[in-house]
Amino acid sequence: MRRAIFLQFLLGILACFSVFCANAEDAYRYYTWVVTEGIQAPLGVYQRVILINNQFPGPPIEAVTNDNMVINVINQLDEPFLITWHGIKQRRTSWQDGVLGTNCPIPPHSNWTYKFQMKDQIGTYMYYPSTLMHRAAGGFGAINIQQRSVISIPYPAPYGEFTVLVGDWYKAGDKALQKTLDSGLGLPLPDGLLINGVHQSYTFTGQKGKTYKFRITNVGISTSINFRIQGHPMTLIEVEGSHCLQEVYESIDIHAGQSVAVLVTLLASIKDYYIVASTRFTKPILTTTGILRYEGSNTPASLPLPIGPTYQVHWSMKQARTIRLNLTANAARPNPQGSFHYGSINVVRTLVLANEKVNINGKLRYAVNGISYVDPTTPLKLADWFNIPGVFTLNSTKDFPTSGPAVLGACVFGINLHDFVEIVFQNSEKTIQSWHLDGSSFYVVGYGSGEWTIDSRKSYNLADAISRHTVQVYPTSWTAIMVSFDNKGMWNLRSQLWPDRYLGKQLYLKVWDNEKSLFTEADIPPNALLCGKATNL
Ligand SMILES: *[C@@H]1O[C@H](CO)[C@@H](O)[C@H](O)[C@H]1NC(C)=O
Ligand SMILES: *[C@@H]1O[C@H](CO)[C@@H](O)[C@H](O)[C@H]1NC(C)=O
Ligand SMILES: *[C@@H]1O[C@H](CO)[C@@H](O)[C@H](O)[C@H]1NC(C)=O
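What counts, and where the lines are drawn
Residues numbered from 1 in each chain as written. Chains lettered and ligands numbered in written order. Predicted model: local features only at pLDDT ≥ 70, side-chain atom pairs only at ≥ 80, totals over all residues. Heavy atoms only, no water. Pairing = 2+ DSSP bridges. Helix = DSSP H or I, 4+ residues; strand = E, 2+ residues; numbered from the N terminus. Axes fitted to C-alpha atoms, helices over the stretch in contact; angles between N-to-C directions. Contact = heavy atoms within 4.5 Å. Salt bridge = Lys/Arg side-chain N within 4 Å of Asp/Glu carboxyl O. Buried < 20%, exposed > 50% of the residue type's maximum accessible area, 1.4 Å probe, protein only. Phe/Tyr/Trp six-rings, centres within 6.5 Å; stacked < 30°, edge-to-face > 60°. Lys NZ or Arg CZ within 6 Å of the ring centre and 35° of its normal. Near = heavy atom within 4 Å. Polar contact = N/O pair within 3.5 Å; in protein donor to acceptor, adjacent residues only side chain to side chain. Areas by Shrake-Rupley, 256 points an atom, 1.4 Å probe, with all protein chains shown as cover. Disulfide = S-S within 2.5 Å. 1 Å grid on protein atoms, 1.4 Å probe; cavity = no way out; pocket = protein on both sides within 12 Å on 5 of 7 lines; lining within 4 Å. Points joined across faces, edges and corners; volume = space filled by probe spheres on them. Nonpolar A, V, L, I, M, F, W, Y, C, P; charged D, E, K, R; others polar. Domains from an automatic or database assignment. Buried area = accessible area lost by both parts, 1.4 Å probe.

S.K.: Would you mind showing me how to read the sheet that holds strand β11 (residues 200-206) here?
M.R.: Sheet strands pair by backbone hydrogen bonding; their relative direction is either parallel or antiparallel. Across the sheet, which stays open at both edges, the five strands sit in the order β11-β20-β19-β13-β17 with mixed pairing between neighbours. Each edge of the open sheet is held by one strand with a lone partner, namely β11 and β17 (251-254). When strand polarity is set aside, the average angle formed by the axes of neighbouring strands in this sheet is 20°. For strand β19 (residues 272-279) and strand β20 (residues 287-294), the ladder comprises seven bridges, and the chain directions are antiparallel. Bridging from a neighbouring strand, Y274 pairs with I291 of β20. Sheet strands touched by helix α3 (residues 313-322): β13 (225-229) and β17. Its angle to β17, the strand with the most contacts, is close to 95°.

S.K.: What is the right way to read the pattern of salt bridges from this model?
M.R.: Close approach of charged atoms allows side chains of opposite charge to pair. Here the structure, examined in full by the defined rule, presents 24 salt bridges. One salt bridge in this structure joins E247 and R324, with 3.9 Å as the shortest N-O distance. Pair noted here: E247 is in the loop between β15 (242-243) and β16 (248-249) and R324 is in the loop between α3 and β21 (349-360), with a separation of 77 residues, a long-range link. Residue class for R324 comes out partly exposed when judged on its relative accessible area of 27%. Here D523 ties to K516 by a salt bridge, and the two come within 3.3 Å at their closest N and O atoms. Accessibility expressed as a relative area gives 65% for K516, which makes it exposed.

S.K.: Would you mind showing me how to read the packing of aromatic side chains here?
M.R.: How two aromatic rings sit relative to each other is set out by the distance from centre to centre and by the angle between their planes. Using the criterion set out here, one finds 25 aromatic pairs in the structure. Seen from their ring centres, W33 and Y127 are 4.6 Å apart, and the 40° between their planes marks the pair as tilted. With a gap of 94 residues between them, W33 in strand β1 (residues 28-40) and Y127 in strand β7 (residues 123-129) connect regions that are remote in the sequence. With respect to class, W33 is no different from Y127; both count as buried. Plain terms: the ring middles of W112 and Y114 are 4.9 Å apart, the flat faces sit at 70° to each other, and that makes the pair edge-to-face. According to the relative accessible area criterion, W112 is buried, its value standing at 4%. Here a set of aromatic residues connected by ring pairs shows up, and it is made of Y31, W33, W85, W112, Y114, F116 and Y127. Of note, K210 hangs over the ring of Y159, and the distance from its end group to the ring centre comes to 4.9 Å.

S.K.: I would appreciate a short explanation of the site of ligand 1 in the present structure.
M.R.: Contacts to ligand 1 come from N72, N111, W112 and T113. Take N72: an N or O atom from its side chain is 3.0 Å from an oxygen atom of ligand 1. Between ligand 1 and N111 there is a distance of 2.3 Å, counted from an oxygen atom to a side-chain nitrogen or oxygen. When isolated, ligand 1 has an accessible area of 360 Å², and the protein chains bury 44% of it. Take the shell around ligand 1: its biggest share by element is three residues, from strand β6 (residues 110-117).

S.K.: What am I meant to see in the state of the cysteines here?
M.R.: Covalent bonding between the sulfur atoms of two cysteines is what defines a disulfide. Evaluated as defined, the whole model comprises one disulfide. A sulfur-sulfur separation of 2.1 Å characterises the disulfide bridge that pairs C104 with C531. Taking the torsion about the sulfur-sulfur bond, which here is approximately -90°, the covalent link between C104 and C531 counts as left-handed. With a gap of 427 residues between them, C104 in the loop between β5 (83-86) and β6 and C531 in the segment after β33 (506-512) connect regions that are remote in the sequence.

S.K.: Just checking my understanding: could you explain the environment of E79 for this structure?
M.R.: For E79, the location among the structural elements is in the loop between β4 (68-75) and β5. Counting along the chain gives 27 residues from E79 to I106, while the straight-line C-alpha distance between them is 8.7 Å. For E79, the contacting residues outside a window of four places in its chain are R48, I106, P108, H134 and K175. Here H134 takes part through its side chain, which lies 2.9 Å from a polar atom of the side chain of E79.

S.K.: Sorry, what's going on with the layout of surface pockets here?
M.R.: Unoccupied space between atoms shows up once a probe the size of one water molecule is rolled over them. Space inside the largest pocket adds up to approximately 870 Å³. Around the largest pocket, the lining is made up of 33 residues, and of these K89, D120, F340, Y443 and S467 lie nearest the centre. Among the secondary structure elements, those contributing two or more residues to the lining of the largest pocket are β15 and β28 (442-449). Across the lining of the largest pocket, the residue classes break down as 12 nonpolar, 14 polar and seven charged. Approximately 540 Å³ is the volume found for the second largest pocket. Lining the second largest pocket are 27 residues, and of these L187, L189, S222, T223 and T431 lie nearest its centre. In the lining of the second largest pocket, the residues fall into 15 nonpolar, six polar and six charged. Among the domains, domain 2 (160-322) and domain 3 (337-534) are the pair contributing at least three residues each to the lining of the second largest pocket.

S.K.: Please clarify how the site of ligand 3 should be interpreted in this entry.
M.R.: Close to ligand 3 lie R349, L394, N395, G414 and N416. One of the side-chain nitrogen or oxygen atoms of N395 is found 2.3 Å away from an oxygen atom of ligand 3. At 3.0 Å, a side-chain N or O of N416 approaches an oxygen atom of ligand 3. Taking 370 Å² as the accessible area of ligand 3 by itself, protein coverage stands at 46%. Classifying every residue of the shell around ligand 3 gives one nonpolar, three polar and one charged.

S.K.: What exactly am I supposed to notice about the domain arrangement of the chain here?
M.R.: Often, the extent of an interface is quoted as the loss of accessible area upon association of its parts. When the domains of the chain are assigned, the result is domain 1 (28-146), domain 2 (160-322) and domain 3 (337-534). For domain 2 and domain 3, the distance between their C-alpha centres works out to 28 Å. Across the contact, 28 residues belong to domain 2 and 24 residues belong to domain 3. Between domain 2 and domain 3, roughly 2100 Å² of surface is buried when both sides are summed, and carbon and sulfur atoms account for 62% of that area. Connecting domain 2 to domain 3 are one salt bridge. A salt bridge links E240 to R468; the nearest nitrogen and oxygen atoms lie 2.8 Å apart. If you look at where domain 2 meets domain 3, you find 15 residue pairs in polar contact (both at pLDDT 80 or more).

Okay, structure coming up:
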């Protein structure tokens, strides 16, 4: 008897030592994605778009917590290509993160199979190409993760769900945008906004009296948006995998790379209503509309459009502070006692990341604490795994802003596994920023204007700050986050404003301990692509 239990335990461990820690009861989902180039006119001008299985946006991934994903990406483009899974934590497997610091790109006319698990996650996420400016041509789509049937949710089950991918769009196409950036210039304002790939009148149809979950993601590459539905208040229920306090909003700001889920009940009379997305902090304001149609409606939506905020920074900061964690709600696991006592954990390290527009060799670049990131031809993760020297040096960037001219480089901070770290993003620009971390979520403990100082800590929310993966930093302001680095690997911390990222506003964090254990990090996958100095290993 005892022996049988021991054997079972042993088998469990062995299962863990295979490619990834799969649990017998966790489902497998297999996808084959063919990535091709197509010609479409989302804003009325024909341009190249990147299609996945002939779709723009790409097909949604509908999954359940702990599902194992096997996604064979067949790259039929003439360029190297990678997809990253924005907000999927890739527990123990930064190998699957799909950014150039962790993966060699999939060569043209070739394929590579991602294998990862939606470990302990629920919520609203997305995927998109991480290479070059490919995102500006498409290749993005939704990732929706439902809770397991045994886990209760802190709101009444909605009757239906709608996925809303909203974001800015350039008519110029990704290659022209890349050329502009390569020549040392910045990009102009985008030409418009799209909802699910459509500029006008994308229609969501629901029944009167029923409640729907709208999963809304800002898939844009350079602007924040405000989202609202005519005559229909929205109850915020989830932010990037965290159940938040259920506040009601007339309109909500969603910054580049962020996702929210809201409940909307169809209580008005049977007709059509405008859904509006408009840009924030831009001149001019770009606006697009979709339609919420009540089943049986014969009446088109009527003007005026519901009004939203435009330039008001204070409004947005105030709203952001109302987005807080529900301390008693479940997420992917039960939470019977309530938890999230992050406010009582000791901060062992503070990083203050000042980032600035710089000029290097006569060209526009962006730098973080004096380093403007350039992808080495050998992915950092491979260089590290195979001990290849000369690709990057750990901790060569300072934890605090430095003076002196910026240089090109590969910035990698060394973080000890399980360290609890405070990161302050200091924005000296007059434009809004958006920062994303791969591999972990973080608590957004504070926003403030001006320069961050030690005194700014007095204003931190140490009780119920939201835990998310992407955060905005207001113009000439700071944002502070706290992260428990419990996921060993090489993780990208980047601007979600893609032109800025392309020009160097990103870095990597190597989360590490010296104990080699498959319980903390999976081995290099057997199908890993090798490139650069790792080519013949
Ligand atoms: C490429 O796709 C084929 C099936 O079309 C598959 O058998 C093979 O494993 C894939 N290669 C990689 C590296 O994933
Ligand atoms: C918080 O979650 C609990 C479930 O644990 C739920 O009953 C409650 O309504 C939620 N509170 C708010 C304000 O969202
Ligand atoms: C990087 O710096 C941190 C903080 O000073 C330190 O804990 C860590 O050991 C350093 N890593 C390396 C490899 O120097």
